[in-house]
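Coordinates in review
Spelled out from the first residue to the last, the chains are:
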Amino acid sequence: MSTATTPASGPDSGLPEEKVRTGVPGQRVGDADTDEVPRFAPQWLQLREPADAAARAADLLDPLRIRLANRPVRGGDLVIHDLGCGTGSMGRWLAPRLDGAQHWILHDRDPYLLHFATVGAPKAAADGSHVGVTTQRGDIGRLTADALAGASLVTASALLDVLTGEEIDRLAAACAGAGVPALLTLSVVGRVELTPAEPMDAEIAEAFDAHQRRGELLGPEAITAACEAFGRHGATVRVHPSPWRLGPDEAALTAEWLRGWVGAAVEQRPDLAARAETYLNSRLAACAAGELRVVVHHSDVLALPHPTGGAV
């Protein structure tokens, strides 16, 4: 859920300026088959982290804790694979909410983000137990049950809506094959509420959702696809809303989100450009004045596959 083509480089980035840019909200950037790694600006990921933490569905943690406490093989660290980890916000949120020593394996294609995730990794679990991390650079679309051997949990944040149906099915198959639960948070569902309302809200939202569905990406349909995929593989699936609720205290995030949201809509429908510029300026002015409130709806998914003999 990054914003469109905003520079994310500079003297401290260590990367050429043209190769570091943010994405459209809910969208990855770049072609996975090229040498250029898709990048999400750390600045954007850091800006959204407090809103993500407030939005994630804590109600899903009790059933997850029960599953983890009743692992077929007890003892040893919890081994948690965090897919598309970005700067590591999921670990910083979840590790202090789970008891027991933990080893997080942070997956991302971008070594730049893996560096931030390692530096900012949590140090302790809820009960004070040690938390350690390692990183793994690679394509999560090729994740297999064998790669999850010995895993206790798979997590991801803002990932499902930038996957294809085939990628989601492979993820569900891998988790089911390894008997590993998955906690997949903050997937957009195609609903945005802005207060006060303006006539162009719905048109921008529709164009943005169409942009998210470009190519084979699922965008707002990802939650339904994930529930169906995990269900086909025998998992029990729970879904819980996890909306961003943005008001005057989140004005910086709201403004950046607005730029990316409108920018994606215009990229999808260039005919909107002139009206969208006026609309965006109006919305940014209201945001700066503390008069705008936005609810960006997401959902979290907890999938609990049937345990296998190889699960821990």
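Just above, that's the structure.
Let me begin by describing the structure that accompanies this report. For clarity, every value in this text was computed on a predicted model and none was experimentally measured.

Across its full length, the protein holds 9 helices and 8 strands. Here the protein, with 312 residues, has 52% of them falling under the buried criterion. In the structure as shown, the protein presents an accessible area of about 13,200 Å², 52% of it carried by carbon and sulfur atoms.

All right, on to the pattern of salt bridges then. In this structure the tally under the stated criterion is 13 salt bridges. A salt bridge links Arg 191 to Glu 193, with the nearest nitrogen and oxygen atoms 3.3 Å apart. You can call Arg 191 partly exposed: its relative accessible area is 46%. The shortest N-O distance in the salt bridge between Glu 221 and Arg 213 comes to 2.6 Å. One connected set of salt bridges, linked through shared partners, spans Glu 203, Arg 269, Asp 271 and Arg 275.

If a probe as big as a water molecule is rolled over the atoms, it shows which places are left empty. As a volume, the second largest pocket reaches approximately 160 Å³. Around the second largest pocket, the lining residues are Leu 47, Pro 50, Ala 51, Ala 54, Ala 55, Pro 243, Trp 244, Arg 245, Leu 246, Glu 250 and Leu 253. Elements represented by at least two residues in the lining of the second largest pocket include exactly helix 1 (42-55) and strand 7 (244-246). Here the element with the most residues in the lining of the second largest pocket is helix 1; it accounts for 5 residues. Its residues assigned to classes, the lining of the second largest pocket shows 9 nonpolar, no polar and 2 charged.

Most of strand 1 (residues 78-83) is tucked away, with 6 of its 6 residues classed as buried. Side-chain alternation along strand 1 places Leu 78, Ile 80 and Asp 82 on one buried face and Val 79, His 81 and Leu 83 on a second face that is also buried. Relative to strand 2 (residues 102-108), strand 1 is paired through 5 bridges, and the arrangement is parallel. In the strand pairing of strand 2, Leu 78 is matched with Gln 102. As a crossover connection, the stretch from strand 1 through helix 3 (residues 89-94) into strand 2 is right-handed. Bridging between strand 1 and strand 4 (residues 153-157) involves 4 bridges; their strand directions are parallel. Bridge pairing links Leu 83 to Ala 156 in strand 4.

On to the environment of Gln 46. With respect to the helices and strands, the residue Gln 46 is situated in helix 1. Here Gln 46 falls in the partly exposed class, since its relative accessible area comes to 40%. For the pair formed by Gln 46 and Thr 87, sequence separation is 41 residues and the distance between their alpha carbons is 7.6 Å.

The next thing to look at is the packing of aromatic side chains. Under the definition given, this model contains 3 aromatic pairs. Both rings, one in Tyr 112 and one in Phe 116, keep their centres 5.3 Å apart while their planes meet at 90°; by these two values the pair is edge-to-face. Of this pair, Tyr 112 and Phe 116 are both found in helix 4 (residues 111-119), 4 residues apart, which corresponds to roughly one turn of the helix. Between Trp 257 and Trp 261, the aromatic rings sit 4.8 Å apart at their centres with planes inclined by 20°, giving stacked as the arrangement. Placement of the pair is Trp 257 and Trp 261 together in helix 8 (residues 251-268), with a separation of 4 residues, close to one helical turn.

Right, let's talk about unusual backbone geometry for a bit. A cis amide bond links Thr 195 to the next residue, Pro 196, at an omega of 0°. You can see Pro 196 is positioned in the loop between strand 5 (182-195) and helix 6 (201-212). The backbone phi angle of Ala 158 is positive, close to 55°, even though this residue is not glycine. With respect to the secondary-structure elements, Ala 158 resides in the loop between strand 4 and helix 5 (165-178). You can call Ala 158 buried: its relative accessible area is 16%. Here the phi dihedral of Leu 186 falls at roughly 60°; this positive angle occurs in a residue that is not glycine. Within the fold, Leu 186 resides in strand 5.

With 16 residues, helix 9 (residues 273-288) extends 22 Å from end C-alpha to end C-alpha; this agrees with the ideal 22 Å at 1.5 Å per step. In the core, the buried residues of helix 9 are packed alongside strand 5, helix 6 and helix 8. Backbone geometry just after helix 9 places Gly 290 at a positive phi near 75°.

The next thing to look at is the nonpolar core. Among the nonpolar cores identified, the biggest contains 33 residues, and Ile 204, Trp 244, Trp 257, Leu 258 and Trp 261 are the most heavily contacted of them. The element best represented in this core is helix 8, accounting for 8 residues. If you look at the next biggest cluster of nonpolar residues, it comprises 29 residues, including Ala 222, Ile 223, Ala 225 and Ala 235.

Criteria and thresholds
- Residues numbered from 1 in each chain as written.
- Predicted model: local features only at pLDDT ≥ 70, side-chain atom pairs only at ≥ 80, totals over all residues.
- Heavy atoms only, no water.
- Helix = DSSP H or I, 4+ residues; strand = E, 2+ residues; numbered from the N terminus.
- Buried < 20%, exposed > 50% of the residue type's maximum accessible area, 1.4 Å probe, protein only.
- Areas by Shrake-Rupley, 256 points an atom, 1.4 Å probe, with all protein chains shown as cover.
- Salt bridge = Lys/Arg side-chain N within 4 Å of Asp/Glu carboxyl O.
- 1 Å grid on protein atoms, 1.4 Å probe; cavity = no way out; pocket = protein on both sides within 12 Å on 5 of 7 lines; lining within 4 Å.
- Points joined across faces, edges and corners; volume = space filled by probe spheres on them.
- Nonpolar A, V, L, I, M, F, W, Y, C, P; charged D, E, K, R; others polar.
- Pairing = 2+ DSSP bridges.
- Right-handed = clockwise from strand over helix to strand, strands pointing away.
- Phe/Tyr/Trp six-rings, centres within 6.5 Å; stacked < 30°, edge-to-face > 60°.
- Expected span 1.5 Å × (residues − 1).
- Contact = heavy atoms within 4.5 Å.
- Core = buried A, V, L, I, M, F, W, Y, C linked by side-chain atoms within 4.5 Å.

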